Amino acid sequence: MIGVTHYVALSFLLFAIGVTGVLIRRNLLTVLMSIELILNAANLNLIAFSRQLGDLNGQLFAVFVITLAAGEAAIGLAIIISMYRLKGSVNLDDASELKG
Amino acid sequence: MTAPFFFWFFAAIVVFGAVGVVAMRQPVHSALFLLLSFFGVAALFITLNAEFLAAVQVLVYAGGIMVLFLFTIMLVNIRRTAGQPYVHRQAGAALLVAFFLLAVVGGTIVASSRTSGLADAPADPAKLSTTTISRMMTETVDGKTVKTPVTEQVAGNSQAVAWGLYRDYLLPFEVASVFLLVAMIGAVVLGKRTMEHVD
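Participant: Could you clarify how one ought to interpret the overall build of chain B in this entry?
Facilitator: The secondary structure content of chain B amounts to six helices and two strands. Reading the helices (α) and strands (β) of chain B from amino to carboxyl end gives α-α-α-α-β-β-α-α. Expressed as a percentage of the 199 residues in chain B, the buried residues total 30%. By sequence separation, contacts in chain B at least 24 residues apart represent 49% of the contacts at least 6 residues apart.

Participant: Help me understand the interface of chain B and chain A, please; the structure alone is not making it clear to me.
Facilitator: Size of an interface: often given as the accessible area lost when the parts come together. On the chain A side, the residues contacting the 89 residues of chain B number 74 residues. In total, chain B and chain A occlude about 7,200 Å² of area from one another, counting both sides; carbon and sulfur atoms represent 75% of this. At the boundary of chain B with chain A, the tally comes to zero salt bridges. If you look at where chain B meets chain A, you find 10 residue pairs in polar contact (both at pLDDT 80 or more). Contributing elements (two or more residues each) for the side of chain B that touches chain A: α1 (4-23), α2 (27-47), α3 (51-75), α4 (91-115), α5 (157-168) and α6 (170-191) of chain B. Counting residues per element, the side of chain B that touches chain A draws most heavily on α3(B), at 12 residues. Residues that form the side of chain B that touches chain A fall into these classes: 64 nonpolar, 17 polar and eight charged.

Participant: What exactly am I supposed to notice about the pattern of salt bridges here?
Facilitator: Pairs may arise between side chains of opposite charge once their charged atoms sit close together. Residue and element names in this part refer to chain B. The tally for this structure, following the rule as stated, stands at three salt bridges over all chains. A salt bridge links R167 to D168, with the shortest nitrogen-to-oxygen separation between them at 3.1 Å. Of the residues examined, R167 reaches a relative accessible area of 35% and is grouped as partly exposed. A relative accessible area of 48% means that D168 is categorised as partly exposed.

Participant: Any chance you could explain the packing of helix α1 (residues 4-24) of chain A against helix α2 (residues 28-53) of chain A here in plain terms?
Facilitator: A packed helix pair is summarised by two numbers, namely the angle formed by the two axes and the spacing between the axes. Residues and elements named next belong to chain A. Here α1 crosses α2 at 165°, and the two axes come no closer than 8 Å. Considered as vectors, α1 and α2 are oriented roughly antiparallel to each other. Note on packing geometry: the crossing formed by α1 with α2 is left-handed. Residues V4, Y7, V8, L10, S11, L14, F15, I17, G18, V19, G21 and V22 of α1 form the contact with α2, whose own contacting residues are V31, S34, I35, L37, I38, N40, A41, L44, N45, A48, F49 and Q52. In the contact of α1 with α2, the residues fall into 17 nonpolar, seven polar and no charged.

Participant: What should I look at first to understand the environment of A123(B) in this one?
Facilitator: Mapped onto the elements of the fold, A123(B) is located in the loop between α4 and β1 (130-141). For A123(B), a relative accessible area of 18% translates into the label buried. For A123(B), the residues in contact, after removing those within four places along its chain, are R51(A), Q52(A), L53(A) and G54(A).

Participant: What am I meant to see in the nonpolar core here?
Facilitator: Across soluble globular proteins, nonpolar side chains have a tendency to be buried as a group. Counting residues in hydrophobic clusters, the biggest one holds 68 residues, and the most contacted among them are L44(B), F45(B) and L53(B). Counting residues per element, this core draws most heavily on helix α3 (residues 57-87) of chain A, at 12 residues. Contact partners of L44(B), with chain neighbours within four places excluded, come to Y7(A), L10(A), L44(A), F7(B), F10(B) and V14(B).

Participant: Help me understand unusual backbone geometry, please; the structure alone is not making it clear to me.
Facilitator: Most peptide bonds are trans, and most residues other than glycine sit at a negative phi. Residue and element names in this part refer to chain B. The residue N49 is not glycine, and still its phi comes out positive at about 60°. Inspection of the secondary structure assignment puts N49 in the loop between α2 and α3. The class for N49 is partly exposed, based on a relative accessible area of 21%.

Participant: Can you help me understand the pairing of β1(B) in this one?
Facilitator: One face of the sheet, then the other: side chains in a regular strand alternate in exactly this way. Residues and elements named next belong to chain B. Bridge count for β1 against strand β2 (residues 144-155) is 12 bridges, and the pairing is antiparallel. In the strand pairing of β2, T140 is matched with T145. The turn linking β1 back onto β2 is made up of two residues, and D142 within it adopts a positive phi angle of 55°.

Participant: Please clarify how a nonpolar patch on the surface should be interpreted in this entry.
Facilitator: On the surface, a nonpolar cluster with roughly 440 Å² of combined accessible area is contributed by L181(B), M184(B), I185(B), V188(B) and V189(B). Of note, V188(B) is situated in helix α6.

Participant: Just to check I follow, could you spell out the side chain of T30(A) for this structure?
Facilitator: With respect to the secondary-structure elements, T30(A) resides in helix α2. On the basis of relative accessible area, T30(A) is assigned to the buried category, the value being 0%. Those residues in contact with T30(A) that sit more than four places away from it in its chain are R25(A), V21(B) and S30(B).

Participant: In this structure, what is going on with α4(B)? I would like to understand it.
Facilitator: Every α-helical turn comprises 3.6 residues, leaving residues that sit three or four positions apart pointing alike. Over its 25 residues, α4(B) extends 36 Å from the first C-alpha to the last, a length consistent with the 36 Å expected when each residue adds 1.5 Å. All of the buried residues in α4(B) are A91(B), A94(B), A98(B), G106(B) and I109(B). Check the buried side of α4(B) and you find it contacts α1 of chain A.

About the cut-offs
- Residues numbered from 1 in each chain as written.
- Chains lettered and ligands numbered in written order.
- Predicted model: local features only at pLDDT ≥ 70, side-chain atom pairs only at ≥ 80, totals over all residues.
- Heavy atoms only, no water.
- Helix = DSSP H or I, 4+ residues; strand = E, 2+ residues; numbered from the N terminus.
- Buried < 20%, exposed > 50% of the residue type's maximum accessible area, 1.4 Å probe, protein only.
- Contact = heavy atoms within 4.5 Å.
- Buried area = accessible area lost by both parts, 1.4 Å probe.
- Salt bridge = Lys/Arg side-chain N within 4 Å of Asp/Glu carboxyl O.
- Polar contact = N/O pair within 3.5 Å; in protein donor to acceptor, adjacent residues only side chain to side chain.
- Nonpolar A, V, L, I, M, F, W, Y, C, P; charged D, E, K, R; others polar.
- Axes fitted to C-alpha atoms, helices over the stretch in contact; angles between N-to-C directions.
- Parallel < 35°, antiparallel > 145°, perpendicular 65-115°, else oblique.
- Left-handed = near helix turned anticlockwise from the far one by under 90°.
- Core = buried A, V, L, I, M, F, W, Y, C linked by side-chain atoms within 4.5 Å.
- Pairing = 2+ DSSP bridges.
- Patch = residues over 30% accessible without salt bridge, like charges linked within 9 Å, V, L, I, M, F, W, Y side chains within 5 Å.
- Areas by Shrake-Rupley, 256 points an atom, 1.4 Å probe, with all protein chains shown as cover.
- Expected span 1.5 Å × (residues − 1).

Spelled out as structure tokens, the structure:
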């Protein structure tokens, strides 16, 4: 029988894959996609517990997380475009002004 | 909570898509794998009795955010970076950190699932698709207007979510709309070409 633990484990696996993507990729676009994966993992967790406890608040919170993800994607992609104009590339290690 | 087949099938799709996002060299391939993963998560939402959120997931993520990603991939020139390595120099250390995260939190989930009550049967799914509202009913009795408070049950997941958003979470909902406005203005300002001449 599939219980809430299965969903939590899947959500965590998705989160770990997202964190791995944020840490290892050079391309900013892929890093932003990995952040979307992390937010999806959080949503899955919220909705799994909402289902387990019979409480609608988890679903309502997930609506706000989706709103946040939309805003974050818009701003992040705008930053990527302005970085591309500035540097001519979207690689993270080309933005090294603060490295000293 | 649901038939095991659907969970395992869609979980496999979600994990496959997520691994594809991280592993593919070209960002456009990553974006298509991300789309697959989004659809898998939407299907899992349906198995969790969150039908409204499944629809929102498809509309906002697969519809809106994915189009935004593909437009950006189209605008920035990807070909130029094709020959270079696509992972960081510190990818080995990063993988080690990710593995430790997986081990620690995964171990905690496994350990807590044995001791806590999370293996209990889930609550009644009807709780997620009904909500109780109270309103004033206005009727005319003998030429006079009489207001009486009534409570009634509203059925349907979308209706329940709507009552939660517009009644219980009205202020956060309005703040979220202001947030979206700020994000939109910020994206437009950042994306304007003439900003280059400002500084």
